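Overview (structure and organization)
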Amino acid sequence: MIKKLQHRFIAIAMLSIFMVLLLIIGSVNIINYNNIKCSLDMRLTILAGNDGVFPQDFMGPANSPSADDVPPEKPAMDDAPTPKELTLHGISEESAFDTRYFTVTLDTSGTVVDSSTDNIAAISSDDAISYAMTLFEKGKTSGYISNYRYTSATTDTAGETMYIFLDCRRETDTFRSFLTASVSISLIGLLLVFLLVVFFSKLIVRPIAESYEKQKHFITDASHEIKTPLTIIDANTEVLEMENGESEWTTSIRNQIKRLTDLTNKLVFLSRMDEEATKLIMLDFSLSDAISEAAQPFEAVAAASGRTFVCEIEPNVSYTGDESTIRQLVSLLLDNAMKYASENGAVRLSFSVSGKNKVLTIWNTVDSIEPGRHDELFERFYRPDASRNSATGGHGIGLSVVKAIVLAHKGRITAKSEDGHSIRFTVIL
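Quick caveat: nothing in here was measured; it's all calculated off a predicted structure.

As for the sheet that holds strand 2 (residues 112-116)
The antiparallel open sheet is built from 5 strands, whose spatial order is 2-1-5-4-3. Looking at strand neighbours, the two that pair on one side only are strand 2 and strand 3 (142-145), the edges of this open sheet. Across the sheet, the mean angle separating the axes of adjacent strands is 20 degrees when strand polarity is ignored. In this structure, strand 4 (residues 148-154) lies alongside strand 5 (residues 161-167), joined through 7 bridges in antiparallel fashion. Among the inter-strand pairings, Thr-151 is bridged to a residue of strand 5, identified as Ile-164. Most of the contacts of helix 4 (residues 125-138) go to strand 1 (residues 101-106), to which it runs at about 55 degrees, and overall it touches strand 1, strand 2, strand 3, strand 4 and strand 5.

Digging into the sheet that holds strand 12 (residues 412-417)
With mixed pairing, the 6 strands of this open sheet are ordered in space as 7-9-10-13-12-11. In this open sheet, the two strands that pair with only one neighbour each are strand 7 (308-313) and strand 11 (372-373). Both strand 9 (residues 346-354) and strand 10 (residues 357-365) contribute to a ladder of 8 bridges, which runs antiparallel. Note that in strand 10 the partner of Ser-354 across the bridge is Asn-357. Against the sheet, helix 9 (residues 323-340) contacts strand 7, strand 9, strand 10 and strand 13 (422-428), and its axis sits at roughly 20 degrees relative to strand 10.

Considering the confidence of the model for the chain
Across the chain, pLDDT averages 84, with 88% of residues at or above 70. Counted against residues more than four places away or in other chains, residues 62-78, with its pLDDT under 50, gives 12 contacts. Segment residues 386-390 is flagged for pLDDT under 50; beyond a separation of four residues in sequence, or across chains, it makes 9 contacts in the model.

Re the pairing of strand 5
Put simply, side chains in a regular strand alternate between the two faces of the sheet. The element strand 5 is largely enclosed, with a buried count of 7 among its 7 residues. Burial along strand 5 is two-sided: the residues Thr-161, Tyr-163, Phe-165 and Asp-167 and Met-162, Ile-164 and Leu-166 are all buried. In the sheet, strand 1 pairs with strand 5 via 6 bridges, with the strands oriented antiparallel. Bridge pairing in strand 5 places Phe-102 opposite Phe-165.

Things to note about the nonpolar core
One finds Phe-309, Leu-329, Leu-333, Leu-334, Leu-349 and Leu-360 to be the most contacted residues of the largest nonpolar core, which totals 46 residues. Ranked by residue count, the leading element in this core is helix 9, at 8 residues. Apart from the residues within four sequence positions on either side, Leu-334 is in contact with Ala-294, Ala-295, Phe-298, Phe-309, Val-347, Leu-349 and Ile-362. Core analysis: the second largest hydrophobic core is formed by 15 residues, Met-42, Ile-46, Tyr-101 and Ile-164 among them.

Conventions adopted
Residues numbered from 1 in each chain as written. Predicted model: local features only at pLDDT ≥ 70, side-chain atom pairs only at ≥ 80, totals over all residues. Heavy atoms only, no water. Pairing = 2+ DSSP bridges. Helix = DSSP H or I, 4+ residues; strand = E, 2+ residues; numbered from the N terminus. Axes fitted to C-alpha atoms, helices over the stretch in contact; angles between N-to-C directions. Contact = heavy atoms within 4.5 Å. pLDDT = per-residue confidence, 0-100. Buried < 20%, exposed > 50% of the residue type's maximum accessible area, 1.4 Å probe, protein only. Core = buried A, V, L, I, M, F, W, Y, C linked by side-chain atoms within 4.5 Å.

And the structure:
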C-alpha cells in the first residue's frame, strides 16, 4: 500500500517535470528553428528581389556607395525586410560575403537559360541544374532540397523562372547541435531529479507508513481482542438457551455476535492482504466449478426473498489462483447483490472467457442509483445509505475485500450502472 503510494507520487512528480521540460525544450527549439528559417527566407527574399545577387544597399541607404559608382538599381520590393528586421535575424553588411548560394534560370519550357555557382564551392553546375529541373517538373516554388533552402522568382525576361538556392548546412548543424545539447542536458537533469524525488519521497511517506503500520497492528490486535469476549458471550447465550429456552433476546444476541464476528474476520483479512509479505497459494483449479459451487447456496436465498436468480457459467474453465479467496469473492458479490437488489428484483451471474481474460459479471436490479461508474463502492466503510445498510446488516467493507482479492490476483474490477435501476460488477482475471 505504502509502496504503491510512493510509486504513484514518484510517477506523478516525474511526469509533471517531464511535461514541463518537454514544453520548455520544445518551445525553445521551435523558436530557434523558426528564427533560422526566417533568417534564411529573408536572405532569399533579398536575392529574389535583386536578380539573384545581394544589392550593395540592402542594409539601408547609409551603406550605399555614391550614385556615380553604381548603376541604377531595381525599385525596392514592397515586401522587402527593413534594416531593423534584418539586424534582428542576424543579417548584416557581411552577409553578402558569408552567404553561400547559387541560382539557376529556366524558361517557360524548363530549358536552362543560365546558372551561377560563383558564390558556392560545394556544388557543381550540373548538380545545380539537376536540382532546379527537378523542382520545375514538380512545380515546387519554395522549401528544402538536400542541404539547401530554395525559392523561385519570375524574372522580367519573358517570364523566366529563377531558382535561388541557399546553403543552410551551417544553420542546420547549429540547430541540430543545440537540439542535441538541450535534450541531453534535459535528460541528465531529469535523471538527477528522479534520484532526488526517490530519495525525498521516502522521507515524505515515512510518517504515513508508520501511521499505517500502527493502524494495521491496531486492527489486528483489536480484532483478536474482540474475538475472545464474543466467544464468551456466545457461550453464555448458549447456556441461557439451555436453561431458559430460546427467545427473541438470545436470537438477537446471536445475530449481533455473527455480525461482529463477520466484521472482525473481514478486517483481519484486509489487514493481511495489505501486508506485502502475504502470499496467496496459487494453484491450478476449475474456476467454473468454484464459481458454480459458491453460487449454489444463493439460489435458496433468492427464492426465500422472492428474487429471480440466473447463473450462466461457461464450463471447463481452469485458472491458476487461490481457490478459497476466489470462492469468497463470488460469495461476497452475490451476498451484496442479494442484499441490495430491489424487492422482487433479479440477480444474474455470468462467467465466460474472452481471449486470455476470465470475465465474471454479477448484475442486479436496484431501486435507484446514479448512472455511470461507482468505484466509490469499493472504499472501506462506504455507506451510501446508512438506513439501508442497517436494515440489510451491511458493514460497507465486503466490496473492499472483493477488490483486495481481485488486486491480489492481478485482476480488475469495476462497478457501473447503465440505466440508474441496475448495477453491474465486472471482474476480469
